[in-house]
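Reading the structure
Spelled out, the chains give:
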Amino acid sequence: MGLNIKLLSVSLRNIRSFGEMDFSFPPMKGDLHSDLPNGMTIAAMPNGSGKTTVLNLIKSAFIGKMVKEKCVDPPCNTKCYCANSLRRRMNKNGKSFSDDTSEFTMRLKINNEHYNVSMILNHRDKEYFWKTQSKKGNEKRWNLPFEFRRIFYNNEKLIDLFIVDAETRTKIFTDSDNDLIEKSIRQFGGLETVYNLLGEPSMGQWKGGQLEEIKSKISQTTGSYLSDNEKGRIHKRDTNCIKEVRIRISENEIKLREWEKESKQMGTKISQIQSRIEKIDDEQTAKNKKSKNLRDDIEENKDLLEQQTKKLELLLINPINIFEEEWREIQDFHLKQKEDGVPGDAGREFVRKIIKDKICICDTKVTEEMEKNLKRKLPEYIDNTTSRVVKSIQDSMIESEISQLDSAKVLSGEIKDLRSKIRQDKFDYDETFGENDAGQERGLLYEEKMRLTGIKEGIDYDITWFSTQSFRWLIDEGKDEGLDSMGTVPKTPMWKEIQKCENIPLLRSIEERLEERLQKASGESTTYNGLKIMRKVVGEALLTVSEKLRNQISIDTNNIWKNSPAIAKESELLVLKIGERGITFEDRYGRPTAGSGAQTMIACYSLGAALVKRGNLKVPLVGDTPLTGLDTDVVEKWSKESYERYEQSLLLLNASEKSIFIDALGEQWLARNTNRIVIWPEKMASDGGKEMVYSDDIDLWNKLQGNSGVGGGV
Amino acid sequence: MVFWLSTDTRKYFDKIGVKGSQKEGKSETGNFESYFDVFWLCAQVGIHREEYPPLSPDKSQITKRVSGNSKEVRLQLLGLAFYKYCKYEGVKDSKKEIILGKMESFFDKESEYELGKEGYDFLNRAAEGGFLHISKNIIDINDKSQFLTKYKDIFKR
């Protein structure tokens, strides 16, 4: 049971910047009642012309509830559901420019039936109400067909996937919760499966007395409730086949349960390993910090130690310090020599005495020549380098400083302390990092985690395959059982139903539980009670369906996501996960992370596409500045993919996006595959506001440029 | 004449580290500024212990003049050396004529920065004597700061 929705037209009267506006697409000029065609329609609208207003109105008509807008009418002046949030501008005197009422109408075709949905705004009372026109007649309420309602009514988050305000699209992620997925999955996949068997569960149709009929439908499908006579009418081979198949299904279910248990255990182990890895990482971070402090300390102390060593060296190299005790004696020796005239006149006196006595110290007589030589050399004795250095030594002895050997002791103590501190720091450092067992352990844990993850993925794949593809197995098994021994698959009603059925184990479960409940309820004659039980049984069964289908939709979404443009390499790094916490991004190690703008965009498109696929849904794609967040080099791919995926799309572009679109796709492609319309401010309204005008004139479309709207004398 | 350093002394201090040496020392607290500083540290020990053995035949010359950090205390160094030399010769209390004689053989006549034969010989033997003591008492030391703290202890009162 699919749902085929087509947008035929959108009309506005006295809303925001729109006076009278009909968003249809006239194939011939002047025919304002023509339908928007299939394919891609591009509306070029400058900034401030009302793209978001149009989008929100379409969205409101889909969900049967006004989407919040900023109210322009004091005293509200905030986001509200008040009718005046959509009122046309006030004039300069603060009086209403327009009539007391405004109106928005959307024409739709749902499964080939025409519907007009209108929102009537009463500005006097700040209220609004809906009108629906269908072949049933006019109703003063929002009342689209059940199939439509059960999917879209009041489901703003879901409609956000198809009626897209790209600028605020990320809210789907930030606000996502289980309800969106759960509800959508049930509506798109789960219900369809069960409704095919049970019929529509509308109270209007499920009237008293139909319980037997429902029971019969289930019986026809599964064969559980067949009477002997009925059984006799069924081909024996089919019955045997079903019996055999049931046994195999039971076996499979046991296997599935084992796998699920195993998968869960793996998950627990993996998460324990991950916790340990994180703990090691935390410890490592703390160690790194400690090591930095230790290294800094060591370096600082090493510098200090070198300085102190240098000081000690200078102290120890000074003999005054080393010979402290004797120094007085040494000083006295030199000072005495000085007093005695050493070197001073000592040499001169010595020579004079030899000259005077005419006798040398070796007792030989001094000749005249010797005397002459002695006199000539006399000054040398008085002023030679030897006497100069000795004089300097004697002078320095007077100036000798007080010993500093005590300082050397203190320094030596400090040096020992510093060395000890450095040694301790080094020991601590080695203690912390010497044998990096933690790093080794982390490596082993990581390998183990990867190994278990690989196994778990394999198991999960098998579970998914068996849960969702078992009907294929069923057919193959049926063939093995000889059902097509004549070369054709038997065409009995039961076999057809089995082929249609996507989840035999589930149906069997529904059947068994229903039987159980009905037996318990026997003796209570009221159909109402039976009906209540039936709804509860079906509801519980749907939870199971949802769980199974969530898995499949998650896989579909990820497949689409990974094959989408703009994701490319990033898809190797990120996984889009639809889990108990809604939609999230995870990195390759299963850690939650954030996606970029473009990734978020494509993720939403992927989810929308997966739901559409599962639910056999045809819905138009309406986009407000849909290129927001996309890199220009993927615009072409994205556009063509959307063009192929959606039978009908309406893209509201601003002027700069229009240029990007033309650059990416080329004029020829656009002319061949798209319908182009333009909304531009033809004139300023008398209140100073804009008066937007619709046209499909390609010249006007071409002239829209920049941010101000249509340029070039339009 | 010149200051000499025995090969063993040179090896001992190269292991710690001396600036200008071709071998890289292991000290983490700096190197000795010059081979003369090393020479003088040894000589102080020899003088202190009054041990002046003959020079090892396995030796190499280092410099003629006081250099390195010792330059700052050159006069005190020479004053000590000359005093100890006179003491060693047994003339420290002799008349000035005798002292003058020792002075002339201890110091150089041409340069006030160099020594006479006796001066070099006395200090070389003092350094040799000091090193023999150091090498027996300060062993397995590769670090300058460790060496100096132990060196200081040699002169403990």
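Residues numbered from 1 in each chain as written. Chains lettered and ligands numbered in written order. Predicted model: local features only at pLDDT ≥ 70, side-chain atom pairs only at ≥ 80, totals over all residues. Heavy atoms only, no water.

1. As for the overall build of chain A
As a reminder of what qualifies: Numbering of helices and strands runs from the N terminus; a helix is a DSSP stretch of H or I covering at least four residues, while a strand is a stretch of E covering at least two. Throughout this description, buried means an accessible area under 20% of the type-specific maximum (1.4 Å probe, protein chains only), exposed means over 50%, and partly exposed covers the range between. The contact rule is simple, with two residues in contact once any of their heavy atoms fall within 4.5 Å.
Looking only at helices and strands, one finds 24 helices and 20 strands in chain A. Buried residues in chain A amount to 48% of all 714 residues. A sequence separation of at least 24 residues applies to 70% of the contacts in chain A between residues at least 6 apart.

2. With respect to the confidence of the model for chain A
All names here are of chain A. What counts here: On a range of 0 to 100, pLDDT expresses the predictor's confidence in each residue.
Considering every residue of chain A, the mean pLDDT works out to 71; 59% of them sit at 70 or more. Predicted confidence is poor over residues 27-32, with pLDDT under 50, and the contacts of this stretch with residues over four places away or in other chains come to five contacts. In this model residues 174-178 is a low-confidence stretch, pLDDT under 50, and it forms 10 contacts with partners more than four residues away in sequence or in other chains.

3. Section: the interface of chain B and chain A
For clarity, the cut-off: Here the buried area means the combined drop in accessible surface, using a 1.4 Å probe, for two parts upon being joined, counting both sides. When a carboxyl oxygen of Asp or Glu is within 4 Å of a side-chain nitrogen of Lys or Arg, the pair counts as a salt bridge. For the purposes of these results, a polar contact is taken to be a pair of N or O atoms within 3.5 Å, where, inside protein, one atom must be able to donate a hydrogen and its partner to accept one; residues adjacent in sequence count only when each atom of the pair is a side-chain atom. Residues were grouped as follows: Ala, Val, Leu, Ile, Met, Phe, Trp, Tyr, Cys and Pro as nonpolar; Asp, Glu, Lys and Arg as charged; and all remaining residues, including Gly, as polar.
Every contact between the two is made by 49 residues of chain B and, on the other side, 50 residues of chain A. Taking both partners together, chain B and chain A bury about 4,300 Å²; carbon and sulfur atoms supply 65% of that area. In this structure, the connection of chain B to chain A is made through seven salt bridges. Among the salt bridges present, the one from glutamate 326 of chain A reaches lysine 87 of chain B, with a minimum N-O distance of 4.0 Å. Taken together, chain B and chain A are joined by 12 residue pairs in polar contact (both at pLDDT 80 or more). Among the secondary structure elements, those contributing two or more residues to the side of chain B that touches chain A are helix 2 (35-49), helix 3 (74-89), helix 4 (96-106) and helix 6 (144-154) of chain B. The element that contributes the greatest number of residues to the side of chain B that touches chain A is helix 3 of chain B, accounting for 12 residues. In terms of residue class, the side of chain B that touches chain A is made up of 19 nonpolar, 12 polar and 18 charged.

4. Quick word on the packing of helix 1 (residues 7-16) of chain B against helix 2 of chain B
Residue and element names in this part refer to chain B. Convention followed: Each axis is a line fitted through C-alpha atoms, taken for helices only over the stretch in contact, and angles between the N-to-C directions span 0 to 180 degrees. If an angle is under 35 degrees, it is roughly parallel; if it is over 145, roughly antiparallel; if it lies from 65 to 115, roughly perpendicular; otherwise it is oblique. Left-handed describes a crossing in which the near helix is turned anticlockwise from the far one by less than a right angle; the clockwise case is right-handed.
One way to put it is that helix 1 packs onto helix 2 with a least axis distance of 11 Å and a crossing angle of 110°. Between helix 1 and helix 2, the angle is such that the two are roughly perpendicular. The hand of the helix 1/helix 2 crossing is right-handed. Contact residues: Thr9, Arg10, Phe13 and Asp14 in helix 1; Tyr35, Val38 and Cys42 in helix 2. In terms of residue class, the contact of helix 1 with helix 2 is built from four nonpolar, one polar and two charged.

5. Regarding the side chain of lysine 152 of chain B
Mapping lysine 152 of chain B onto the fold places it in helix 6. A polar contact of 3.1 Å, which involves the side chain of lysine 152 of chain B, links it to the side chain of aspartate 153 of chain B. Setting aside chain neighbours within four positions, we find lysine 152 of chain B in contact with Leu316, Ala408, Lys409 and Ser412 of chain A.

6. Let's talk about the packing of helix 3 of chain B against helix 5 (residues 117-137) of chain B
Residues and elements named next belong to chain B. Between helix 3 and helix 5, whose axes approach to 11 Å, the crossing angle comes to 90°. The angle between helix 3 and helix 5 places the two elements in the roughly perpendicular class. Contacts from Ala81, Lys84, Tyr85, Tyr88 and Glu89 in helix 3 reach Glu118, Phe122, Leu123 and Arg125 in helix 5. Partitioning the contact of helix 3 with helix 5 into residue classes produces five nonpolar, no polar and four charged.

7. As for helix 4 of chain B
Keep this limit in mind: Picture the helix axis, draw a direction to every C-beta atom, and the arc is the one those directions span.
All buried positions along helix 4 of chain B are accounted for by Ile99, Leu100, Lys102, Met103 and Phe106 of chain B. Looking straight down helix 4 of chain B, one finds that the buried residues subtend no more than 165° of arc, so they occupy a single side.

8. With respect to helix 10 (residues 324-339) of chain A
Helical periodicity: at 3.6 residues per turn, an α-helix aligns residues three or four positions apart in one direction. Here is the rule: Multiplying 1.5 Å by the helix residue count minus one yields the expected span of that helix.
Compared with the 22 Å implied by 1.5 Å per residue over 16 residues, the 23 Å span of helix 10 of chain A between its first and last C-alpha is a close match. For helix 10 of chain A, the complete set of buried residues consists of Glu326, Trp327, Ile330, Gln331, Phe333, His334 and Gln337 of chain A. Angularly, the buried residues of helix 10 of chain A cover 160° about the axis, an arc narrow enough to put them on a single face. Exposed and oriented more than 90 degrees from the buried face of helix 10 of chain A are Glu325, Arg328 and Glu339 of chain A. In this fold, the buried residues of helix 10 of chain A make contact with helix 9 (319-322) and helix 13 (385-398) of chain A together with helix 3 and helix 4 of chain B. Directly beyond the C-terminal end of helix 10 of chain A, a positive phi value near 85° is found at glycine 341 of chain A.

9. Comments concerning the pairing of strand 6 (residues 101-110) of chain A
Residues and elements named next belong to chain A. We count it as follows: One requirement defines pairing of two strands: DSSP has to find at least two bridges between them.
With seven of 10 residues buried, strand 6 is to be regarded as a mostly interior element. Two strands pair when backbone bridges link them, and strand 6 and strand 7 (residues 113-122) are joined in this way by 10 bridges, in the antiparallel orientation. The residue of strand 7 that forms the bridge with threonine 105 is serine 118. Counting the residues that bridge the hairpin from strand 6 to strand 7 gives two residues, and of these asparagine 111 lies at a positive phi of roughly 45°.

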